[in-house]
Amino acid sequence: MSDDEQIYDYIIAGAGSAGCVLANRLSANGRYTVLLLEAGTKDTNPWIHIPLGYFKTMHNPKTDWCYMTEPCEGLGGRSIQWPRGKVLGGSSSINGLIYIRGQPEDYDHWRQLGNAGWAFKDVLPYFKKSEGNERGSDDIHGGDGPLKVSDSRAQRELCDMFIDAAVCAGIPRTNDLNGIVQDGVAYTQQTTHKGLRCSTAVAYLRPAQSRANLSVVTRAHVEKVLFEGKRATGIQYRTPSGMKRSRAGREVILALGAIGSPQILMTSGVGPAGHLRDHDIDIVHDLEGVGGNLQDHLQVRMVYRINQPLSLNDDVRNPLRKAMMGVNWALRRRGPLTFAASPLSAFVKSDPKMATTDLQFFMQPLSADSPGEGLHKFSAFSTSFCQLRPESAGHLELKSADPHVYPAIHPNYLASETDRQAVIAGMKITRKIIACEPLASIMEEELYPGEHIQSDEELLESGRETSQTIYHPIGTCKMGSDAKAVVDQCLRVHGLKGLRVVDASIMPTVPSGNTNAPTIMIAEKASDIILGDLG
Ligand SMILES: Cc1cc2nc3c(=O)[nH]c(=O)nc-3n(C[C@H](O)[C@H](O)[C@H](O)COP(=O)(O)OP(=O)(O)OC[C@H]3O[C@@H](n4cnc5c(N)ncnc54)[C@H](O)[C@@H]3O)c2cc1C
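Residues numbered from 1 in each chain as written. Predicted model: local features only at pLDDT ≥ 70, side-chain atom pairs only at ≥ 80, totals over all residues.

Asker: What is the right way to look at the overall build of the protein in this model?
Answerer: Looking only at helices and strands, the protein features 14 helices and 24 strands. Relative to a compact globule of 535 residues, whose C-alpha radius of gyration would be 24 Å, the protein shows 23 Å and is just as compact. Taking the principal axes of the C-alpha coordinates as reference, the protein spans close to 70 × 50 × 45 Å. Considering only residue pairs separated by 6 or more positions, the protein has 69% of its internal contacts joining residues 24 or more positions apart. (Helix = DSSP H or I, 4+ residues; strand = E, 2+ residues; numbered from the N terminus. Rg over C-alpha atoms; globule rule 2.2 N^0.38 Å. Contact = placed C-beta atoms within 7 Å.)

Printed below as a string of structure tokens:
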């Protein structure tokens, strides 16, 4: 094992959505030395930068950790794939590019849980600071931030028809799904710039990478945090040239994501004491909540065959139209290759009595047997939805003390009756939209789950059989002050010194929407907290 001679002020473990933000902000004033460690490679694969390229990078072990969950009772005993980005930019380099912040009430709830400084009024400045929205700035949006946010460059007749049908079904048309009130249907804004993906590696790391005080090491698999007593003093990591240790003069910051951060805390001796003892890990600090509170959005998909050649399936089947897709992107950075995972979203209440929306609907003008597989050879489109604030929470635990062995992921989907009712309600609302014009006239058949599925029991059963993650795991190092909390409101690990966690794992509850923008907001705010602590 070799010791890196240099002591860095800050060592950031993980160059994902949060890690790249931290690396930029903490190195910006030039006063502090920063080491950023990432297990994946540089983001040189061209498919990372072409928006629709997530079909090539997701489930690809060169860019995706390719986790699998343990069998889940709520999904009829199925194990499902859990992609996570393994490359500079992390999951922001392979994600579906949808830019959604959630509802103001989500953050007010974090504050209600005791986390001072995390109410919507407190986090809004950080959403704005990060955001470079091509529509410009206003009271709630930023126009100059590093994270470029753009309108869709691939509006399509079939998507327009879905929006019109949703409006006909009673869902209001909106122009801003990130407004103070979230309700409504619209084309989604996305984290792209001039038709190219804007990951945090592109937005935050590239502009900082030439700074003399920032060192970035890729293919560096973090194995454990090093401690002297209760103080974190460095990191041990493995590179192709062997095991190394680097020392942190000020702080170690874990930004390894909702799976990596709790896993590495536990392999370092921070976690539930009984569980660590089972794996013969020396206990640095008994912290019951590490790996608990695992929340995710479950995606239920439905597929519709149509009688008009309006879907992307038709473009891909036709050699001329397929070639035009490539030409359109190469020359104009427009067309289907710029698609986010869903070009549009609708936020809807499953019950009008609810205070805020609890379901998010998506629509893709294409279809396949499962996401990422070859497109169907007929005209069809897919819709899906997820419940925004699931009650079911799971946990993550070690299978081994070896940090290279993936942990066991127990998502515990659909454990609560509320969550099961949301599946049934979402499928019924989808059918209501599909039955409205202008979609009704082009409808041929419901392929999944199929019109024979009618009763609530049948709907739920088909949801159990086919649902997938929508890739939003959070909460496994949650912020708070209760017995299960892992970090405090300044994101310092309870009971230890010199160690913070800054990534999606600190969220106490999952926001009502996609999780990339909230994670970037967290890292922006954490950077200010850390620099502020220095006076
Ligand atoms: C396929 C997919 C689609 C998604 N679609 C959307 C979307 O459309 N919109 C949206 O808002 N959100 C989306 N998300 C979710 C969003 O991207 C994540 O919530 C967010 O990126 C999480 O950021 P993070 O910093 O917590 O983790 P990550 O971005 O995953 O970063 C963690 C980093 O740590 C590295 N790492 C982990 N373990 C180690 C280790 N032991 N040693 C060294 N490095 C390590 C990883 O390689 C990674 O680079 C999607 C996610 C995925 C995977």
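Back to the write-up after that little detour.
Asker: Please clarify how the domain arrangement of the protein should be interpreted in this entry.
Answerer: It is common to give the size of an interface as the accessible area that goes away when the parts come together. Once the domains are mapped, the protein shows domain 1 (1–148 + 196–295 + 473–535) and domain 2 (153–187 + 298–387 + 414–466). Listed by partner, the interface residues are 22 residues for domain 1 and 21 residues for domain 2. For the side of domain 1 that touches domain 2, the secondary structure elements donating two or more residues are α3 (54–57) and α4 (104–112). Here the residues of the side of domain 1 that touches domain 2 are counted per class, giving 13 nonpolar, 7 polar and 2 charged. (Domains from an automatic or database assignment. Nonpolar A, V, L, I, M, F, W, Y, C, P; charged D, E, K, R; others polar.)

Asker: Would you explain the site of the ligand in this entry?
Answerer: The full set close to the ligand counts 43 residues, and Gly14, Gly16, Gly90, Gly96 and Gly260 are the nearest of them. Residue assignment for the shell around the ligand shows that the elements contributing at least two residues are α1 (17–27), β11 (221–228), α8 (257–267) and α14 (516–533). Ranked by the residues each element gives to the shell around the ligand, the list is headed by α8, at 4 residues. (Near = placed C-beta within 6 Å.)

Asker: Would you take a moment to explain the pairing of strand β13 (residues 242–254) for this structure?
Answerer: Residues in a regular strand project their side chains so that they alternate between the two faces of the sheet. In terms of strand pairing, strand β12 (residues 231–239) meets β13 through 6 bridges, oriented antiparallel. Looking at β13, one finds that Gly234 is bridged to Arg247. As paired strands, β13 and strand β24 (residues 499–501) are joined by 3 bridges and run parallel to one another. Residue pairing in the sheet places Val252 in a bridge with Leu499 of β24. (Pairing = 2+ DSSP bridges.)

Asker: Help me understand α4, please; the structure alone is not making it clear to me.
Answerer: Every α-helical turn comprises 3.6 residues, leaving residues that sit three or four positions apart pointing alike. Regarding α4, the residues found buried are Pro104, Asp106, Tyr107 and Trp110. Seen from one end, α4 has its buried residues packed into an arc of 165°, which puts them on one side. Those residues of α4 that are buried are in contact with α5 (120–130). Directly after α4, the chain includes Gly114, whose backbone phi takes a positive value near 115°. (Buried ≥ 20, exposed ≤ 12 C-beta atoms within 10 Å, placed from the backbone. Arc of directions from axis to C-beta.)

Asker: What am I meant to see in the nonpolar core here?
Answerer: The tendency in soluble globular proteins is for nonpolar side chains to be buried side by side. Ranked by size, the top nonpolar core spans 149 residues in total, and within it Ile11, Ile12, Ala13, Leu22, Ala23, Phe162 and Val502 carry the most contacts. Split by domain, the residues of this core number at least three in each of domain 1 (1–148 + 196–295 + 473–535) and domain 2 (153–187 + 298–387 + 414–466). Setting aside chain neighbours within four positions, we find Ala23 in contact with Ile12, Ala15, Val34, Leu36, Tyr204, Leu205, Ala208 and Leu214. (Core = buried A, V, L, I, M, F, W, Y, C linked by C-beta atoms within 7 Å.)

Asker: Can you walk me through the packing of helix α12 (residues 417–434) against helix α13 (residues 456–466) in this structure?
Answerer: Axis angle and axis distance: for two packed helices, these are the angle between their axes and the distance between the axes, and together they describe the pair. Between α12 and α13, the least distance of the axes is 9 Å, while the angle of their chain directions is 100°. Classified by the interaxial angle, the pair formed by α12 and α13 is roughly perpendicular. Contact residues: α12 offers Arg420, Val423, Ile424 and Met427, while α13 offers Asp456, Leu459, Leu460 and Gly463. Residue composition of the contact of α12 with α13, by class: 5 nonpolar, 1 polar and 2 charged. (Axes fitted to C-alpha atoms, helices over the stretch in contact; angles between N-to-C directions. Parallel < 35°, antiparallel > 145°, perpendicular 65-115°, else oblique.)

Asker: What is the right way to look at the pairing of β12 in this model?
Answerer: Inspection of the sheet shows β11 paired to β12 by 7 bridges, in the antiparallel sense. Within the sheet, the bridge partner assigned to Glu228 lies in β12 and is Arg231. Hairpin connection, β11 to β12: the antiparallel pair is bridged by 2 residues, and Gly229 has positive phi, about 60°. Between β12 and β13, which pair antiparallel one after the other, the connecting turn spans 2 residues.

Asker: Help me understand unusual backbone geometry in this model?
Answerer: Note: most residues except glycine have negative phi, and most peptide bonds are trans. Put simply, Glu437 and Pro438 share a cis peptide bond, and its omega is 5°. Assignment of secondary structure puts Pro438 in the loop between α12 and β22 (443–448). A cis geometry characterises the amide bond from Tyr448 onward to Pro449, with omega recorded as -5°. Tracing the backbone shows Pro449 in the loop between β22 and α13. Located in the positive-phi region is Tyr471, a residue other than glycine, with phi close to 75°.

Asker: Would you explain the environment of Lys478 in this entry?
Answerer: Within the secondary structure layout, Lys478 lies in the loop between β23 (468–469) and β24. Excluding residues that lie within four positions of it along the chain, Lys478 makes contacts with Gly289, Asn293, Lys484, Ala485, Val486, Ile506, Met507 and Pro508.

Asker: Can you help me understand the packing of α5 against α14 in this one?
Answerer: Following both chains from N to C, one finds α5 and α14 inclined at 105°, their axes separated by 8 Å at the closest point. The angle between α5 and α14 places the two elements in the roughly perpendicular class. In this structure, α5 contributes Val123, Tyr126, Phe127, Lys129 and Ser130 to the contact, and α14 contributes Ala517, Ile520, Met521, Glu524 and Lys525. Of the residues assigned to the contact of α5 with α14, the class counts are 6 nonpolar, 1 polar and 3 charged.

Asker: Is there a simple way to think about the environment of Gly16 in this case?
Answerer: By the element assignment, Gly16 lies in the loop between β1 (2–13) and α1. Between the alpha carbons of Gly16 and Ser27 there is a distance of 16 Å; along the sequence they are 11 residues apart. In contact with Gly16, other than residues within four places in its own chain, are Gly85, Gly89, Gly90, Ser91, Ser92, Ala255, Gly257 and Asp503.

Asker: I'm lost on the environment of Gly143 in this one. Help?
Answerer: The residue Gly143 is located in the loop between β5 (131–133) and β6 (147–149) in this model. Along the backbone, Gly143 and Asn133 are 10 residues apart, and their C-alpha atoms lie at a distance of 4.6 Å. The contact partners of Gly143, leaving out residues within four places of it in the chain, are Gly132, Asn133, Gly136 and Ser137.

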